[in-house]
Amino acid sequence: MTGSANSRLFRQAKTVIPGGVNSPVRAFKAVGAKPIFIQKAKGPYLWDADGNKYIDYCLSWGPMILGHARRQVLHEVKKVMANGTSFGIPTKLETSLATMIVQAIDSVEKVRLVNSGTEAVMTAIRLARGCTGRDKVIKFVGCYHGHVDHMLVQAGSGATTFGMPSSPGVPRDFTKHTILLPYNDLQSLEKAFDKYANKIAAVIVEPVAGNMGVVLPKKGFLKAIRKMCTRNGSVLIFDEVITGFRLTYGCVQKLFRVKADLTCLGKIIGGGFPIGACGGKAELMDNLAPQGQVYQAGTLSGNPVCVAAGISTLKLLKSVKPYRSLELATQRLCDGIDQALQKRNLKHTINRIGSMFTLFFNAEIVTDYASAVKSDTARYASFFTAMLKAGIYLPPSQFEACFVSTEHRLKDFNKTIAAVRKVSQQ
Ligand SMILES: *Cc1c(COP(=O)(O)O)cnc(C)c1O
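Here the structure is a predicted model, which is why all the values come from computation and not from measurement. (Residues numbered from 1 in each chain as written. Predicted model: local features only at pLDDT ≥ 70, side-chain atom pairs only at ≥ 80, totals over all residues. Heavy atoms only, no water.)

A. Region of the structure containing the sheet that holds strand E17 (residues 402–403). Pairing within the open sheet is antiparallel, and its three strands lie in the order E14-E15-E17. Every other strand in the sheet has two partners, leaving strand E14 (349–353) and E17 as the edge strands with one partner each. Alignment of strand E15 (residues 356–360) against E17, held across two bridges, turns out to be antiparallel. In the sheet register, Phe 357 faces E17, and the bridge partner there is Cys 402. (Pairing = 2+ DSSP bridges. Helix = DSSP H or I, 4+ residues; strand = E, 2+ residues; numbered from the N terminus.)

B. Structural detail: the site of the ligand. Neighbouring the ligand are the residues Ser 116, Gly 117, Thr 118, Tyr 144, His 145, Gly 146, Glu 206, Asn 211, Asp 239, Val 241, Ile 242 and Lys 267. Note that an oxygen atom of the ligand is positioned 2.6 Å from one of the side-chain N or O atoms of Thr 118. Between the ligand and Tyr 144, the relevant distance is 3.2 Å, taken from a nitrogen atom to a main-chain nitrogen or oxygen of the residue. A total of 380 Å² of accessible area belongs to the ligand in isolation, and the protein chains cover 82% of it. Residue composition of the shell around the ligand, grouped by class: three nonpolar, six polar and three charged. (Near = heavy atom within 4 Å. Polar contact = N/O pair within 3.5 Å; in protein donor to acceptor, adjacent residues only side chain to side chain. Areas by Shrake-Rupley, 256 points an atom, 1.4 Å probe, with all protein chains shown as cover. Nonpolar A, V, L, I, M, F, W, Y, C, P; charged D, E, K, R; others polar.)

C. The nonpolar core, seen in detail. Ranked by internal contacts, the top residues of the largest apolar core, which has 68 residues, are Ile 101 and Phe 245. The element best represented in this core is helix H10 (residues 304–320), accounting for eight residues. Taken together, domain 1 (4–65 + 322–424) and domain 2 (71–320) each give at least three residues to this core, which thus spans both. Other than its neighbours up to four places away in sequence, Phe 245 contacts Ile 65, Ala 104, Ile 105, Gly 250, Ile 268, Ile 269, Leu 314, Leu 317 and Tyr 323. Counting 29 residues, the second largest nonpolar core, distinct from the first, contains Ile 138, Met 212, Cys 229 and Val 258. (Core = buried A, V, L, I, M, F, W, Y, C linked by side-chain atoms within 4.5 Å. Buried < 20%, exposed > 50% of the residue type's maximum accessible area, 1.4 Å probe, protein only. Domains from an automatic or database assignment. Contact = heavy atoms within 4.5 Å.)

D. Region of the structure containing the sheet that holds strand E3 (residues 53–56). The four strands are arranged E1-E2-E3-E16 in an open sheet whose pairing can be described as mixed. Here the strands that pair on one side only, and so sit at the sheet edges, are strand E1 (38–42) and strand E16 (392–393). Strand direction decides the pairing type here: strand E2 (residues 45–48) and E3, joined by three bridges, are antiparallel. When the sheet's bridge partners are listed, Leu 46 is paired in E3 with Tyr 54.

E. Representation of the domain arrangement of the protein in the model. The domains assigned to the protein are domain 1 (4–65 + 322–424) and domain 2 (71–320). Distance from the C-alpha centre of domain 1 to the C-alpha centre of domain 2: 25 Å. In total, about 2,200 Å² of surface goes out of reach between domain 1 and domain 2, with carbon and sulfur atoms giving 68% of it. Viewed at the interface, domain 2 and domain 1 are joined by zero salt bridges. At the surface where domain 1 touches domain 2, the tally comes to nine residue pairs in polar contact (both at pLDDT 80 or more). For the side of domain 1 that touches domain 2, the secondary-structure elements that each account for two or more residues are E14, E15 and helix H12 (369–372). Of the residues belonging to the side of domain 1 that touches domain 2, the class tally is 18 nonpolar, seven polar and three charged. (Buried area = accessible area lost by both parts, 1.4 Å probe. Salt bridge = Lys/Arg side-chain N within 4 Å of Asp/Glu carboxyl O.)

The structure is reproduced here in structure tokens:
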């Protein structure tokens, strides 16, 4: 697996890139392994620098729902690229993608395109604070909203704790307005609203969490947040950077029948290119400069190449309507994995919705961060490494989501399940 070329490339990378990677989890540290370097990808497969082939269940952390190097997407990108790659002046492509997003998401009337999910969240929070004139933001423990300063906070042990920065370089003052609460815990949410009612600018939540592993919202959780935000004049922000166009054509808020005030998107809407978006009601969104006073900008925002890839991806998703079959396929895969592990008596639990899932090596059900971290990460690490050796690429951390694309086939699932059976024997 980590053969000679992979190791050599990693060694070289480390001499000029901190840790050898441009995003930490890529270093495979959480699973005690060395990273593979990718040479090429097609459909559901990756090939590394040593020529090993893998079935990919990470899909660039979610975006590649149509598989890698999708012909139609590449075609559109090449066509657009030939006419120039960046102007810093509007193009009609931006309006096309914005229109597709507005049509797909009930709660979104206007949308601002940015370059990453992190930027989408930054924009949403600044907008919420700017519109409400309030400072405090409620965030749930285990939800990831990009690497923006005031969202980089993790839990203390109490129920309601003010955020302690989880990274050096984030001043305490920057996170003191971030209120951390356990996911799926309505009581602590009610308490926080009782205490800080008219100080809370926004509640931000992953409506289906994907960054502590997949964790589903309990029945009524999202609706209750909606109610409390409405009652207290706080802005409800759904971070759908993963879930947007992953579980349905549009957002997961449609499936749960809850409307966010602001929605953050990224990943799939860029079809494998860097993008993000923040959208919501016109009366909120029009507070953004130049219409309004809340400043937000970006040299490469709405970049024609990224936007073309996004349009082409959404068009395909809209016409192919893959969601039902993705769900069935993923269910079948998870059932197979589950049975294979049960036979070996390995304590585990699988959280799944649509085509995203996490296999936790955990004896209990996982409903929040506290239960997620009880997982056996050493077991996951050895499982990851053995699976990689067997040609199956899973996310290199216990606390990430696995994704299935439209290009995964039954033979891929069978191979995966057979590998699970084999590696769990050891
Ligand atoms: C990936 C992710 C982000 C950050 O997006 P980037 O493009 O990596 O900046 C934000 N929120 C959620 C829920 C994500 O999964």
